[in-house]
Amino acid sequence: MIYSTEVQHMCPVAKGAYHGPAPIPEEGRWVQAKEIKDISGFTHGVGWCAPQQGACKLTLNVKEGVIQEALVETLGCSGMTHSAAMASEILIGKTILEALNTDLVCDAINTAMRELFLQIVYGRTQSAFSEDGLAVGASLEDLGKGLRSQVGTMFATHAKGPRYLEMAEGYCTRMALNKDDEVIGYEFVNLGKMMDFIKKGDDANTALEKAKGHYGQFDAAVKYIDPRHE
C-alpha cells in the first residue's frame, strides 16, 4: 500500500475500540455481516430500463451469500422475456456480489438486482424474522397453483372508457355492465387451470368452460361486452 508523503509524516493516533457493523436481522437471527457468506434472505426487487418500456420483478432466495432460487418476472417488452430466460440460468449459484456485477442481459433485470441487493444487505428481507428463512421454492407460492405471474392489464380511452384485459384471476373474457353502462363485474379464464384440464384429457372447449369464473355483480348485469372486440 502506498501512502502519500503527507500521511507518512503524520503523528500516529491510536484508534478506539472496534465494535463491528450494526447487526441486521436475517432469518430469525441478528447478524454482524462482514463478508458475503454472512448474508442470507428472501426478498424481491423491482427494476426498469432507461426508456421505461418494461419492468422486472426479481425474487431471490439467498443462503449464506449464494443465490439458491430465482423468480424472474418481466412485463412490457418482448425482448425482456428472453433476457429473463438467460438471467434465470445466470443467477443460480452466484453470490449476490457476483450477480450484482454480472450483466443480466436486460437493464430492467439489472436494476431489479441492484434494488434487491440493497434490501438484502440492509436486512430488509421478507424472511428477516423467520427462523431459518424460507424454503427454496417459496417464490412459487407467489404464482399460485397455475404457476403464472399475477398481471393486471387495462386499456382505456376517454371516448370509450375502460377495457379489462387481464386480472390476477386470469384472462378477462367479458365485462359486465349495468343500465348506466358502468362496469360491475367481469368474467375470466384461469389459463393455468385450463391447461391442466387439457393435459388431463378434456377438449379445449370443455377446459375453457371449466376454467371460467366471474367477479363482482356479474350475474346482475344488464349487458355483457367482449373487452377486446366491442
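Refer to the structure presented above.
1. Focus: the overall build of the protein chain
Thinking step 1. Within the protein chain, the secondary structure is distributed over six helices and 11 strands.
Thinking step 2. By the compact-globule yardstick of 17 Å for 230 residues, the protein chain is too spread out, its C-alpha radius of gyration being 25 Å.
Thinking step 3. Carbon together with sulfur atoms contributes 55% to the accessible area of the protein chain, which is approximately 14300 Å² in total.
Thinking step 4. Charge centroids of the protein chain, computed over 22 positive and 30 negative side chains, lie 3 Å from each other.

2. Examining the pattern of salt bridges
Thinking step 1. Applying the stated criterion across every chain, the model contains 12 salt bridges.
Thinking step 2. Asp 38 is the partner of Lys 37 in a salt bridge, and the nearest nitrogen-oxygen pair spans 3.9 Å.
Thinking step 3. Between Arg 114 and Glu 115 there is a salt bridge, with its nearest N and O atoms 2.8 Å apart.
Thinking step 4. Accessibility expressed as a relative area gives 39% for Arg 114, which makes it partly exposed.
Thinking step 5. Accessibility expressed as a relative area gives 26% for Glu 115, which makes it partly exposed.
Thinking step 6. A single network of salt bridges, built from pairs that share partners, joins Arg 174, Glu 187, Glu 209 and Lys 212.

3. Structural notes on the packing of helix 2 (residues 78–91) against helix 4 (residues 107–121)
Thinking step 1. At their nearest, the axes of helix 2 and helix 4 sit 9 Å apart, and the two run at 45 degrees to each other. Judged by the inter-axis angle, helix 2 sits oblique to helix 4. In this structure, helix 2 contributes Met 80, Ser 83, Ala 84, Ala 87 and Leu 91 to the contact, and helix 4 contributes Ala 108, Ile 109 and Met 113.
Thinking step 2. A class-by-class count of the residues in the contact of helix 2 with helix 4 yields seven nonpolar, one polar and no charged.

4. Overview of unusual backbone geometry
Thinking step 1. Of note, the phi angle at Glu 27 is positive, near 50 degrees, even though the residue is not glycine.
Thinking step 2. As for its position among the elements, Glu 27 is in the loop between strand 1 (24–26) and strand 2 (29–31).

5. Here's the deal with the packing of aromatic side chains
Thinking step 1. Per the stated rule, a full pass over the model turns up five aromatic pairs.
Thinking step 2. Members of the aromatic cluster, joined through ring pairs, are Tyr 164, Tyr 186, Phe 188 and Tyr 215.
Thinking step 3. It is Arg 174 that lies over the ring of Tyr 224; its NZ or CZ is 4.8 Å from the centre.
Thinking step 4. When the ring centre of Tyr 171 is taken as reference, the NZ or CZ atom of Arg 228 above it lies at 3.7 Å.

6. With respect to the nonpolar core
Thinking step 1. Cys 56, Leu 58, Leu 60, Leu 91, Ile 96, Ile 109 and Met 113 are the most contacted members of the largest nonpolar core, which has 24 residues in total.
Thinking step 2. For this core, the secondary structure elements donating two or more residues are strand 4 (55–63), strand 5 (66–75), helix 2, helix 3 (96–100) and helix 4.
Thinking step 3. Sorting elements by how many residues they give to this core places helix 4 first, with seven residues.
Thinking step 4. Other than its neighbours up to four places away in sequence, Leu 91 contacts Leu 58, Leu 60, Ile 67, Ala 70, Val 72, Ala 99, Leu 104 and Met 113.

About the thresholds
- Residues numbered from 1 in each chain as written.
- Predicted model: local features only at pLDDT ≥ 70, side-chain atom pairs only at ≥ 80, totals over all residues.
- Heavy atoms only, no water.
- Helix = DSSP H or I, 4+ residues; strand = E, 2+ residues; numbered from the N terminus.
- Rg over C-alpha atoms; globule rule 2.2 N^0.38 Å.
- Areas by Shrake-Rupley, 256 points an atom, 1.4 Å probe, with all protein chains shown as cover.
- Lys, Arg positive; Asp, Glu negative; His and termini not counted.
- Charge placed at Lys NZ, Arg CZ, Asp CG, Glu CD.
- Salt bridge = Lys/Arg side-chain N within 4 Å of Asp/Glu carboxyl O.
- Buried < 20%, exposed > 50% of the residue type's maximum accessible area, 1.4 Å probe, protein only.
- Axes fitted to C-alpha atoms, helices over the stretch in contact; angles between N-to-C directions.
- Parallel < 35°, antiparallel > 145°, perpendicular 65-115°, else oblique.
- Contact = heavy atoms within 4.5 Å.
- Nonpolar A, V, L, I, M, F, W, Y, C, P; charged D, E, K, R; others polar.
- Phe/Tyr/Trp six-rings, centres within 6.5 Å; stacked < 30°, edge-to-face > 60°.
- Lys NZ or Arg CZ within 6 Å of the ring centre and 35° of its normal.
- Core = buried A, V, L, I, M, F, W, Y, C linked by side-chain atoms within 4.5 Å.

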